[in-house]
Structures are given as C-alpha cells and as structure tokens.
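# Examination of the molecular architecture
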Amino acid sequence: MKSEKGFTIVELLIVIVVIGILAAIVVVAYNGVTNRAKTTKAESTASSITSKVEAYNAEIGNYPATYSLLTSAGTTTSYYVPSNAYTLKATALVGTDGELLFNYASCVTPTGFRVSTWNYGSGAVAHKYVGGATAASTCTLIAS
C-alpha cells in the first residue's frame, strides 16, 4: 500500500469557509470604523460652524441672515468658515460616501440657528442648536 499525502476536499472546503467568515468580519468592522470617522468629522465641522455663528453674533450683534456671510471670500474676521469644508444642502440630508452634509437653518421663537449633520453610523440626522434655538423652535433652511 502506498501512502499518499495531501488534503482532502472536505478539509480544503472547511479552510475556505473559515477564511470567508473572517473576511466578512473584517469588512463589517472596517465599515463601522469609517462610518464613525465620517460622523465624527461631520460633528466636528458642525461644532466649528456653530462656534462661528456665535462669533458672528458677538461681533455683529445679530445672527447671519444667510450662510454666505460666514463664507465670504477674503473675510478675516473670527467667524469665517471655508466654503469647501462641507456640502451644504437645502433639502433633506441623506448620507453618501465621501461628503459631509449639512443643513443650516434660521430658527425663531426663540431666535437662533440649527446646524444639522448626517450621522453615518445610525443613518439619521443630528442637530446642533445655536443661541436660543431648541428642538421646539420653528426653523427655516437657508440655502446660501
């Protein structure tokens, strides 16, 4: 009798299945990390925008009527926000890969502003309020 060495087909299939399971776990973990990173970046930029709106209010004495007042070219004041730091939407936020989405809304009763971002982890919109604005305030989106 001749002794042959090698793997059986069953052994090879088990190894392939285990590798497939490990690859699936890695892909899911990677997507979770990238979604958290995009959400954190969006939240950080939203915090920056809210602080710039407060600076505008402190410097000028009222909240900006349009968002373009915060992104005017050549502005050297403390409330300047680079316009390429985000994608401003005048409609509902729906996250897509590679862009940060924001809604910027003027609120009344009480007066203030709302900056909304897309949370890539939960798939929902998160809001930051400026001034006296709260979740109960009536807010109108500003497109520019």
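Structure first, text after, so check above.
Quick summary incoming for the structure in this document. (Residues numbered from 1 in each chain as written. Predicted model: local features only at pLDDT ≥ 70, side-chain atom pairs only at ≥ 80, totals over all residues. Heavy atoms only, no water.)

### Description of the overall build of the chain
From N to C terminus, the chain includes one helix and five strands. Going from the N terminus to the C terminus, the chain shows its helices and strands as α-β-β-β-β-β. Within the chain, the proportion of its 144 residues that are buried is 27%. Restricting to contacts in the chain with at least 6 residues of sequence separation, those with at least 24 account for 47%. For the chain, the exposed surface amounts to about 8,900 Å²; the carbon and sulfur share of it is 62%. (Helix = DSSP H or I, 4+ residues; strand = E, 2+ residues; numbered from the N terminus. Buried < 20%, exposed > 50% of the residue type's maximum accessible area, 1.4 Å probe, protein only. Contact = heavy atoms within 4.5 Å. Areas by Shrake-Rupley, 256 points an atom, 1.4 Å probe, with all protein chains shown as cover.)

### Topic: helix H1 (residues 9-60)
With 52 residues, H1 should cover 76 Å at 1.5 Å per step; its first-to-last C-alpha distance of 76 Å lies within 8% of that length. Of the residues making up H1, those classed as buried are Lys 38, Thr 39, Ala 42, Thr 45, Ala 46, Ile 49, Thr 50, Val 53, Ala 55 and Tyr 56. (Expected span 1.5 Å × (residues − 1).)

### A word on the state of the cysteines
Tallied over the entire structure, the rule returns one disulfide. There is a disulfide in this structure between Cys 107 and Cys 139, and the S-S distance comes to 2.0 Å. In this structure, the disulfide formed by Cys 107 and Cys 139 twists by about 100° around the S-S bond and is classed as right-handed. In this pair, Cys 107 sits in strand E2 (residues 101-108) while Cys 139 sits in strand E5 (residues 138-141), placing the two residues 32 residues apart along the sequence. The exposure class of Cys 107 is buried, given its relative accessible area of 1%. (Disulfide = S-S within 2.5 Å.)

### Looking at the side chain of Thr 50
Tracing the backbone through its elements, the reader meets Thr 50 in helix H1. Of the residues examined, Thr 50 reaches a relative accessible area of 12% and is grouped as buried. Residues within four places of Thr 50 in sequence aside, it is in contact with Val 115, Lys 128 and Val 130.

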